[in-house]
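So the chains spell out like this:
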Amino acid sequence: MLKLAPALLAFAATSAAAQQLPPAQVTAIDQLVARTLADTGVPSAEIAVVRNGTLVLDKAYGKANEGLPANPALPYQIASNSKQFTAMALMLLEDERKLSLDDHVGKYIPGITGGDRITIRQLLSHTSGLQDFWPQDYSFQDMEQPTAPQHIVDKWAKKPLDFEPGTRWQYSNTGYVVAGMIAEKVSGQPLLTYLHRKVFDPLHMTSVIDQDDTNTSAFPAGYKRNALGPVRVARQPGRGWLYAAGELSMNAADLAKWDIARMNRALIPASDWIEQEAPVIRADGRTNGYGLGVFNHYARERHVIDHGGEAVGFLTQNTIYPDRKDAIIVFTNADFSGATSTLTAGIEKIVLTAPDAGLANEGDRLADVQAAYAMVAEGQPERAKFTDNLNYYFNPTTLGDYSASLGSLGAPTAFEPLGPPRLRGGFVNRNFTIHYAGHPDLTLVTYAEPGNAGRWEQFMIMPE
C-alpha cells in the first residue's frame, strides 16, 4: 500500500465533524492526493466531498506556505469560482426590483463601448463582446500596482468590442468587473458587504474574505513554476485586480455549504438557481453550456454544474452532481499543474460510483488481490483459488510472461480500486490501478465468484 510521505503525513489535517466517508475511501483519497502532490510538486490541496447533500469529507494536505501546514480551516483564493457569487448578487438585486438582467449596462455605467446594446445578462454569460483584461496565465506588469474597477473599465471596456453582443462566447473578466460595479451602484454597498448579508452570513460561510487581505503569512501562499524549474512562491498582484471577477477566498467546507444550498434550492429562490444554471443561447442558436457564472454540461456520463478558478499561484475546481446531490471541491495553492482535474476525476472514481444492487456486502478484496498478484508475479499462483477457466488461461506461457514482466517492476506501491464491485455474467467485477515506483501504472481487471471468498475467474493485467 502506498503511504503518505512523512512531510505530507505531518501536514495532513482533517475537520473532525466532516469525516464520514468509509475508511477505505478516505485511505484511497489520501493516497491519490499524496501521489498527485508528489508527482506535480504542488505544495498543498484542500478537499471537500459532499454526498447526498451532506459534507462527508473535509481535509487538507501538504503546506499552505513555507511556515504553515495545510489546514481545512484555511481559506484559499477561489479566483473565478467567485463569478457565480457576483452573478447571483445581480440576480438577487433583480428580485428586489432594483434592476433587470436585460437592462443595458449604459443605464448604470456610462462610457462603455456598446453600453447601449450590452445587457447585464450578457456580462454574466461572457457574451458581451467586451475585451478580457486578463487572458494571460501570469500577472503582467501593470498588475504589480493597485488598481480600481474604474481603471479597468477605462482601459479595457472602452476599446472596440471583440464582437457584437450576443453573437459569440468569449471569457471576459472585464464583463464581471462591470457587473460588480453595477451591483455596488444599485445596492449602495460594496459587493462583498452585500454578499455577506444576502449569502455568506445566512449560510454561515465564516471563512469568506477578500483575497487581497490574504497576502500574509497567516494564509496559504500561491506558488508558481517556470517550465520544469523549482517551485517558487508567486508574487501576488496589487489590490483590486480580481474585483468581482475573482476576489473571494474561502475554505472548501464553506464552498460546500453554497453547493448544498444550490442542490437543495435553499436560501435563494429556486427560480434564480435554475436561471443561473440555464445555458445561455447565442444569436446563432448555439450554446457551450455556460449559464450565469457556471457551466452546465455532461462529463464522464454525469450531469455536472461546475466552474474552475485560476489566480496567481492558485487553482480551484468546484464540481456539483445535482442528480445525486454530490459535490467535489478541490483547492490547490499552485497554478502550474493539472492537479485539480486529476484529483476531481480520481475522487469521482473512488467515491461517486454507485454499487450494483445486491452487492452491498461485497468488499474490494484488496488484501486478496495483493496476495494473488504477488503469487502470479512469482510464477506460483495458488490455483485452488482460481476457477477452471482461469487455470486454463494461466498456462505455462501466459504465467511465464506475467512473471517475467511483472517481476522486473518491483513491488507495487499501491493498488487503487476503480469504483465499487459490479455484477457481470454471474461474476463480481473489481478493477484496480496498480502503481509502481519509477514505472507506469498498470490496470488490473478481475472477475470472481460472488462472496468475499469466491474464486477468481479473471485476473488480467494490462497497460493503463
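Here's what I pulled together on the structure shown here.

Cut-off values and rules
Residues numbered from 1 in each chain as written. Predicted model: local features only at pLDDT ≥ 70, side-chain atom pairs only at ≥ 80, totals over all residues. Heavy atoms only, no water. Core = buried A, V, L, I, M, F, W, Y, C linked by side-chain atoms within 4.5 Å. Buried < 20%, exposed > 50% of the residue type's maximum accessible area, 1.4 Å probe, protein only. Contact = heavy atoms within 4.5 Å. 1 Å grid on protein atoms, 1.4 Å probe; cavity = no way out; pocket = protein on both sides within 12 Å on 5 of 7 lines; lining within 4 Å. Points joined across faces, edges and corners; volume = space filled by probe spheres on them. Nonpolar A, V, L, I, M, F, W, Y, C, P; charged D, E, K, R; others polar. Axes fitted to C-alpha atoms, helices over the stretch in contact; angles between N-to-C directions. Helix = DSSP H or I, 4+ residues; strand = E, 2+ residues; numbered from the N terminus. Parallel < 35°, antiparallel > 145°, perpendicular 65-115°, else oblique. Left-handed = near helix turned anticlockwise from the far one by under 90°. Polar contact = N/O pair within 3.5 Å; in protein donor to acceptor, adjacent residues only side chain to side chain. Salt bridge = Lys/Arg side-chain N within 4 Å of Asp/Glu carboxyl O. Phe/Tyr/Trp six-rings, centres within 6.5 Å; stacked < 30°, edge-to-face > 60°. Lys NZ or Arg CZ within 6 Å of the ring centre and 35° of its normal. Pairing = 2+ DSSP bridges. Arc of directions from axis to C-beta.

## Some thoughts on the nonpolar core
No. 1: Ranked by internal contacts, the top residues of the largest apolar core, which has 81 residues, are F85, I182 and V199.
No. 2: Once you skip the residues sitting within four places of it in the chain, V199 turns out to touch F85, L92, M205, W258, L267 and I268.
No. 3: One finds L32, V33, V42 and F336 within the second-largest nonpolar core, a separate group that totals 29 residues.

## Regarding empty space enclosed by the protein
No. 1: Tallied over the entire structure, the rule returns one cavity of 30 Å³ or more.
No. 2: Approximately 30 Å³ is the volume found for the largest cavity.
No. 3: Around the largest cavity sit S125, T127, W169, V280, R282, T287, N288 and Y290, which together line it.
No. 4: Partitioned by chemical class, the residues of the lining of the largest cavity number three nonpolar, four polar and one charged.

## Looking at the packing of helix α3 (residues 83-95) against helix α6 (residues 173-187)
No. 1: α6 packs onto α3 with a crossing angle of 40 degrees between their chain directions and a minimal axis gap of 10 Å. As summarised for this structure, α3 and α6 are arranged oblique, according to the angle between their axes. By crossing handedness, the relation of α3 to α6 is classed as left-handed. Within the contact between the two elements, α3 uses K83, T86, A87, L90 and L93 and α6 uses N173, Y176, A179, G180, I182, A183, V186 and S187.
No. 2: Class assignment of the residues belonging to the contact of α3 with α6 gives a composition of eight nonpolar, four polar and one charged.

## Description of the side chain of T319
No. 1: Looking at the element boundaries, T319 is found in strand β12 (residues 314-321).
No. 2: In terms of polar contacts, T319 uses its side chain to reach the side chain of Q317, at 3.3 Å.

## Comments concerning the pattern of salt bridges
No. 1: With the rule as written, the count across this model stands at 26 salt bridges.
No. 2: Across the pair R235 and E144 runs a salt bridge, and its minimum N-O distance is 3.9 Å. Of the two residues, R235 is situated in the loop between β8 (231-233) and β9 (248-250) and E144 in the loop between α4 (120-124) and α5 (149-156); the sequence distance between them amounts to 91 residues.
No. 3: On the basis of relative accessible area, R235 is assigned to the exposed category, the value being 57%.
No. 4: Classification of E144 by relative accessible area gives partly exposed; the value is 40%.

## A look at the environment of L93
No. 1: With respect to the helices and strands, the residue L93 is situated in helix α3.
No. 2: Apart from residues no more than four positions distant in its own chain, L93 is found in contact with K98, L99, A183, V186, S187 and Y194.

## Comments concerning unusual backbone geometry
No. 1: A positive phi is found at A227, a non-glycine position, where the angle reads about 55 degrees.
No. 2: By the secondary structure assignment, A227 is in the loop between β7 (223-225) and β8.
No. 3: The backbone of R365 sits at a positive phi, close to 55 degrees, despite the residue not being glycine.
No. 4: Within the secondary structure, R365 is located in the loop between α10 (339-352) and α11 (366-377).

## Section: the packing of aromatic side chains
No. 1: Counted by the stated rule, this structure contains 20 aromatic pairs.
No. 2: Residues Y393 and Y402 carry aromatic rings whose centres are separated by 6.5 Å and whose planes lie at 90 degrees to one another, so their mutual orientation is edge-to-face.
No. 3: By relative accessible area, Y402 is classed as buried at 9%.
No. 4: Following the ring pairs from residue to residue traces out a cluster consisting of F85, F200, W258 and W273.
No. 5: Stacked on the ring of Y176, the Lys or Arg K83 has its end atom at 5.6 Å from the ring centre.

## Some thoughts on the sheet that holds strand β5 (residues 76-77)
No. 1: Within the open sheet, the three strands sit side by side as β5-β9-β6. Their pairing is antiparallel. Each edge of the open sheet is held by one strand with a lone partner, namely β5 and β6 (209-210).
No. 2: As judged from the two bridges shared by β5 and β9, these two strands associate in the antiparallel manner. Bridging from a neighbouring strand, Q77 pairs with S249 of β9.

## With respect to helix α7 (residues 191-200)
No. 1: Taken together, the buried positions of α7 are L191, L192, Y194, L195, V199 and F200. All buried residues of α7 lie within an arc of 155 degrees about the axis, which places them on one face of the element.

## Some points on the environment of H104
No. 1: As for its placement among the helices and strands, H104 is situated in the loop between α3 and α4.
No. 2: For the pair H104 and Q122, spaced 18 residues apart in the sequence, the C-alpha separation amounts to 9.4 Å.

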